[in-house]
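# Analysis of the macromolecular model
Here is what each chain is made of, one letter per residue.
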Amino acid sequence: MAHLSEEPIIEALGIHKAFGELQILKGISLQVRRGEVVVLIGASGSGKTTFIRCINLLEDIQAGRIRVNGRAMGYRERSDGRLVRDSERNIARQRRDIGMVFQRFNLFPHMTALENIIEAPIQVLGLSRAAALEDARRLLGRVGLADKADHYSSQLSGGQQQRVAIARALAMKPQAMLFDEPTSALDPETVGEVLQVMKELAEEGMTMVVVTHEMGFAREVADRVVVLDQGELIEQGTPEQIFSQPQHPRTRAFLSRVL
Amino acid sequence: MNFSWDIFWQYLLQPSDVYLYGLWLTCVISVLSMALGCALGLVAALMRLSSNPLLQYPVRFYVWLMRGTPLLVQIVFLYTALAAGGIFRFEDLDLGWFILPGNIQAAIIALGLNEGAYMAEIIRAGIGAVDKGQYEASRSLGMTFGKLMRRIVLPQAFRVIVPPIGNEFNVMLKNTTLVSVIGVQELLLSTQMVTSATFRVFELYLVVAIYFLLLTTLWGFFQRWLEIRFSQSEQHAPASSRMFGRQAMKLLRGR
């Protein structure tokens, strides 16, 4: 892929995560390069959603390190090399670099589509209202919803809500985007419009980490497919390698169930 | 029956200054106590939602104490018992252009403290009703706790808590009668004072009851207006039109 650089933008190293006694992630490491589209697949309960939620610290981790743009996420390295938990304010600042799109959209229901998009640029980045509005209208046009600017989320279909959510995340001008099963809560007829927006985003060179069950999307858009199983990264490779010649027996078992 | 319509109409329609002062005091004490209660309730609710036990347990104790003792006892305790015990005495406060008597201060604080405990529970429930995904979306956009509370969570919680807050204020209007025991001359004590001079007990208590009905009814209209206003952005049709549809509603209205 011509647009890929060697520079890693997201680095996760040995991520361990447990809910009580239950080990969800058992030491997962992943590097994502700038401009790369990585698709995480795996059976439900394999830890893929938990893993991307750990990247922007929506989940605490028990062990491991996350670096975004070369800077440690959530922890500060002191001069003696020890790690200390970072302040709420710093963590919020670090999250700006990573956009996230959720399975259940999570639009703000008390705001219109346009207000959803300008909220964080104004409140967090300190943009002027005029500048934020200009950006927001452009982004709404880009996701094909210029005519829905004044609609509340209750007046939009699932696919439209998800496209607004993507525009909302893009308004922060993130370095990378995380997608947590973005089409799983959608009616079948609106899945395509969301995948189309994601595909265009990938073509424009956005760095993306996508958790999805849409194998067609993975095959077509991914630079790399990563297979998780029971909290472990069991296999990764190009879509052809994974879908045509899976090496790991558990990958084969999983693919035979979903394809 | 010992009932004089003349006296009834006279006090209802041409209330004496004593009465008007009582009405004014009832309203002022209600509003100030409610404001104090809302502020305390918000702080207490946020503390209660914190995972830090040092913040959580004082609030639990406060709510337990305020809800477990009679309001009347709290009022007397704050004003009379604390002074008798030599712990704290409410002194008249000279604010330059008028003097705020000690017992009115005690009344507002006692009612506000009591209200705060109930408001804490209401606000906590309202905040709890906001979907967890809203926090995650706000966080992922880089908002700090303060911003996400102020801009995202509280506006949504507010919509849920407006109806119960309205009910609380209705109760507050009536609860102000309790502070008559510490000599605050609100509507009830004003009535008592007038009856002790005129002995027209039946007529005057009927008038005071009508005054309270009037206050709570006026408040009820305002409350309805508030609820409509705060549900507007949701763009949900009101229950009646969801049930009957727009055409049926037109027929029912006779047009």
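Above this text is the structure in question.
Here we summarise the structure given alongside this text. Position labels on residues start from 1 in each chain and follow its written sequence. Chain A is the first chain written and ligand 1 is the first ligand written, with later ones labelled in order. Per-residue local features of the predicted model are confined to residues with pLDDT of at least 70, and side-chain atom pairs are confined, for both listing and counting, to 80 or more; whole-chain, interface and lining totals are unaffected and use all residues. With hydrogens and water set aside, each side-chain value is computed from the structure's full complement of heavy atoms.

## Observations regarding the overall build of chain A
What counts as a helix is a DSSP run of H or I of at least four residues, what counts as a strand is a run of E of at least two, and both are numbered from the N terminus. For chain A, the helix and strand inventory stands at nine helices and twelve strands. The globule rule used for comparison is 2.2 Å times the number of residues to the exponent 0.38, while the radius of gyration itself is calculated over C-alpha atoms. In terms of overall dimensions, chain A is globule-like: its C-alpha atoms have a radius of gyration of 18 Å, near the 18 Å expected for 259 residues. Seen through its principal axes, chain A has C-alpha atoms that stretch 50 × 50 × 40 Å. The protein chains shown are the only cover counted for residues, whose accessible areas, like all others here, come from Shrake-Rupley with a 1.4 Å probe. When the accessible surface of chain A is summed, it comes to about 11300 Å², and 46% of that surface belongs to carbon and sulfur atoms.

## Considering the environment of valine 194 of chain A
All names here are of chain A. With respect to the element layout, valine 194 can be found in helix H6 (residues 188–203). Sequence-wise, valine 194 and alanine 113 are 81 residues apart; in three dimensions their C-alpha atoms are separated by 16 Å. Residues contacting valine 194, with those up to four places away along its chain left out, are Gly159, Gln162, Arg163, Ile166, Thr183 and Leu186. The contact criterion used throughout is that any non-hydrogen atoms of two residues lie within 4.5 Å.

## Re the interface of chain B and chain A
In this complex, chain B contributes 24 residues to the contact, which on the side of chain A involves 28 residues. For the pairing of chain B and chain A, the buried interface totals around 2200 Å² over both sides, and the portion due to carbon and sulfur atoms is 55%. Put simply, a salt bridge is a Lys or Arg side-chain nitrogen that is within 4 Å of an Asp or Glu carboxyl oxygen. Applying the counting criterion to the chain B and chain A interface returns three salt bridges. Every element with two or more residues in the side of chain B that touches chain A is listed here: helix H6 (132–140) and helix H7 (145–175) of chain B. Throughout, the accessible surface (probe 1.4 Å) given up by two parts as they are put together, summed over both, is called the buried area.

## Some points on unusual backbone geometry
Residues and elements named next belong to chain A. The backbone of leucine 57 shows a phi angle near 65 degrees, a positive value even though the residue is not glycine. Judged by relative accessible area, which is 8%, leucine 57 ranks as buried. Positive phi, close to 55 degrees, is recorded for asparagine 69, a residue that is not glycine. Locating asparagine 69 in the fold gives a position in the loop between strand S4 (63–68) and strand S5 (71–72). Burial here depends on accessible area, computed with a 1.4 Å probe over protein chains only, as a share of the maximum for the residue type. Under 20% is buried, over 50% is exposed, and the range in between is partly exposed.

## Describing the sheet that holds strand S1 (residues 8–19) of chain A
Two orientations exist for strands paired in a sheet by backbone hydrogen bonds: parallel and antiparallel. All names here are of chain A. Only strands that DSSP links by at least two bridges are regarded as paired with each other. Taken in spatial order, the four strands make up an open sheet running S2-S1-S4-S5, and their pairing is antiparallel. Edge positions in the sheet fall to strand S2 (22–33) and S5, since each of these pairs with one other strand and no more. With two bridges joining them, S4 and S5 adopt antiparallel strand pairing. Of the residues in S5, the one forming a bridge with arginine 67 is alanine 72. Lines fitted to C-alpha atoms define the axes here, with helix axes fitted over just the stretch in contact, and angles between the N-to-C directions of these axes take values from 0 to 180 degrees. Helix H1 (residues 48–55) rests against S1, S2 and S4 of the sheet, and its axis sits at about 120 degrees to S1.

## Quick notes on the packing of helix H2 (residues 17–49) of chain B against helix H5 (residues 102–128) of chain B
All names here are of chain B. Interhelical geometry of H2 versus H5 gives an angle of 45 degrees and a closest axis separation of 5 Å. Classified by the angle their axes make, H2 and H5 are oblique. Of the two possible hands of crossing, H2 and H5 adopt the one that is right-handed. Throughout, the ten residues Ala, Val, Leu, Ile, Met, Phe, Trp, Tyr, Cys and Pro are labelled nonpolar, Asp, Glu, Lys and Arg are labelled charged, and all others, Gly among them, are labelled polar. When the residues that make up the contact of H2 with H5 are grouped by side-chain class, the tally is 22 nonpolar, five polar and three charged. Here the word oblique covers every angle except those under 35 degrees (roughly parallel), over 145 (roughly antiparallel) and from 65 to 115 (roughly perpendicular). Here a crossing is called left-handed whenever its near helix is offset anticlockwise from the far helix by less than a right angle, and right-handed whenever the offset is clockwise.

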